[in-house]
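# Commentary on secondary and tertiary structure
Given next are the chains, with one letter for each unit.
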Amino acid sequence: MRMIRRAIAALWTTAAVAVALRAVGGVPVERQSGGWRPLEGPDLT
Amino acid sequence: MSRVAILGAGAVGTRVARYLLASGSVGSVDRVLLRDVDPERLSGALAVLDEAAADGRVEVEHAPFPDQADADVIVVATPRGTQLRAVREALSCGIPVVLSGDGLAETVAVARLADEAGERGVPVVLGAGFAPGLSGVLAAHAHSWFDHVEEIHVAKVGAGGPACALVHHRALSRLSYDWRGGGWRRRPGGSGRELCWFPEPVGPMDCYRAALSDPVLLHHAFPEVERITARMAATRLDRLTAPLPMLSPTRVEGGVGAVRVEVRGRRGTTQDVRVLGVAERPAVAAAAVAATTVEWALAGRLRVRGMASLAEMVEPVSFLSDVGDRGLVAEIFEGEHAVV
């Protein structure tokens, strides 16, 4: 019985951490803006 | 006028023949000999090469390897497991070889013939395809912009024909080799997810480690670079089914693929990153690269009379210009980074 209670508590804790991370967000992600252009002119020297 | 033997009449081999026969440049090819073990593939190739075949410029032979190849260059575009023997046979004939294979194990096995190629003074170009091949040339070009290069990271999307798709399928379940800090690091294929942004129309794709030959060839070309990795795009289903045999037959040819090469290093006193890429159907791109390499070999423009990767064999700017004439447009990513 004690073991089951511990397992349930562990599951609740995991779920709570997952929800918290989901809500707060993780490590800041480096956002890229820009685009591709053909290599030409001085790029090809 | 020259004669080129092409081993393998698949998606890449047939296109190499078409490019070479259509070429009107210096070092153009007079005759092409196509060899394959599959008569259906040969008849399909003849249908594609209709006009040249009618002129008698194309010969087909239902045989695997040349015993006495009467050719100025041999292109090896055969499936995995046959390339080593093909290169060995070509070397024994003393004929320059252009190898378009991309399997890691076979590339390493072929590289063991380097001493023989060097002794004979016969150019053998390893990885003359999309990736490896064009990826190495892009890396070499980006390398020239830096005072010191620290990292090269290659990523690719897509497969050429069915043989290439099988190599990619297996690569996800094999160990990948990354060069890091003076040694090879073995990591499981399918690990190390990274979102890579490829040239349009491919766009962003999740890429994973795989048993790819790019790091081996790039390390050979740029031994001073401290970190070299290669990844390939895959879906969750690809990763899940990678250890199994291919469950469904692949299409004759895949859709648009891409290569992306990220080079990091120092320019003057600042750290910098350059990202180059090309988007094209992989078999078309591989054939354009192999055909251009053949023309360079016929014109005596290859730098090494022995075995080396394409990045070492050619002058990058001229080569990019030549493949650009065949529709392969190299692109550069220009953007800003902002932490949000």
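Residues numbered from 1 in each chain as written. Chains lettered and ligands numbered in written order. Predicted model: local features only at pLDDT ≥ 70, side-chain atom pairs only at ≥ 80, totals over all residues.

### Let's talk about the overall build of chain A
Summing up its helical and strand segments, chain A has one helix and one strand in all. Taking all 45 residues of chain A together, 4% fall into the buried category. (Helix = DSSP H or I, 4+ residues; strand = E, 2+ residues; numbered from the N terminus. Buried ≥ 20, exposed ≤ 12 C-beta atoms within 10 Å, placed from the backbone.)

### Things to note about the overall build of chain B
The helix and strand inventory of chain B stands at 13 helices and 16 strands. For chain B, the C-alpha radius of gyration of 19 Å lies close to 20 Å, the compact-globule estimate for 340 residues. Along the three orthogonal principal directions, the C-alpha set of chain B runs to about 65 × 45 × 35 Å. Across the 340 residues in chain B, those meeting the buried criterion constitute 54%. Nonlocal contacts in chain B, meaning residues at least 24 apart in sequence, comprise 75% of its contacts between residues at least 6 apart. (Rg over C-alpha atoms; globule rule 2.2 N^0.38 Å. Contact = placed C-beta atoms within 7 Å.)

### Observations concerning helix H1 (residues 11–22) of chain B
Residues and elements named next belong to chain B. In a regular helix each residue adds 1.5 Å, so 12 residues correspond to 16 Å; H1 covers 17 Å between its end C-alpha atoms and thus fits that length. Across the 12 residues that make up H1, a large majority, 10, are buried. Within H1 the residues assigned to the buried category are Ala11, Val12, Gly13, Thr14, Arg15, Val16, Ala17, Tyr19, Leu20 and Leu21. (Expected span 1.5 Å × (residues − 1).)

### Some points on the nonpolar core
Residue and element names in this part refer to chain B. Judged by nonpolar contacts, the single largest core of 119 residues is most densely connected at Val16, Val75, Val97 and Ala290. Considering every element that reaches this core, the biggest residue donor is helix H11 (residues 282–298), with 13 residues. Excluding residues that lie within four positions of it along the chain, Ala290 makes contacts with Val12, Val16, Val75, Ala77, Val98, Ser100, Ala128 and Gly129. (Core = buried A, V, L, I, M, F, W, Y, C linked by C-beta atoms within 7 Å.)

### Some thoughts on the environment of Trp197 of chain B
In this structure, Trp197 of chain B sits in strand S10 (residues 194–198). Each C-alpha atom, one on Trp197 of chain B and one on His62 of chain B, is 42 Å from the other, the two residues being 135 residues apart in sequence.

### Focus on the packing of helix H7 (residues 134–143) of chain B against helix H9 (residues 214–221) of chain B
Residues and elements named next belong to chain B. Relative orientation of the contacting elements H7 and H9 amounts to 40°, with a least axis distance of 10 Å. The handedness of the crossing between H7 and H9 is right-handed. Between H7, through Ser135, Gly136, Ala139 and Ala140, and H9, the contact on the second element is made entirely by Asp214, Leu217, Leu218 and Ala221. Across the contact of H7 with H9, the residue classes break down as five nonpolar, two polar and one charged. (Axes fitted to C-alpha atoms, helices over the stretch in contact; angles between N-to-C directions. Left-handed = near helix turned anticlockwise from the far one by under 90°. Nonpolar A, V, L, I, M, F, W, Y, C, P; charged D, E, K, R; others polar.)

### A few points about the sheet that holds strand S1 (residues 2–7) of chain B
Residue and element names in this part refer to chain B. Spatial ordering of the open sheet is given by S3-S2-S1-S4-S5-S6-S15, a layout of seven strands whose pairing is parallel. Bordering the open sheet on either side are strand S3 (58–61) and strand S15 (307–309), each of which pairs with just one other strand. Across the sheet, the mean angle from the axis of one strand to that of its neighbour is 20°, orientation sign disregarded. (Pairing = 2+ DSSP bridges.)

### Quick look at helix H13 (residues 316–324) of chain B
Residue and element names in this part refer to chain B. The set of residues buried in H13 consists of Pro316, Phe319, Leu320, Asp322 and Val323. Projected down its long axis, H13 shows its buried positions confined to an angular sector of 160°, all on one face. Looking at the packing, one finds that the buried side of H13 touches H7 and H11. (Arc of directions from axis to C-beta.)

### Details of the environment of Gly306 of chain B
All names here are of chain B. Relative to the assigned elements, Gly306 resides in the loop between H11 and S15. Counting along the chain gives 34 residues from Gly306 to Asp272, while the straight-line C-alpha distance between them is 34 Å. If we ignore the near neighbours within four places in the chain, the residues touching Gly306 are Ala114, Ala117, Gly118, Gly121 and Pro123.

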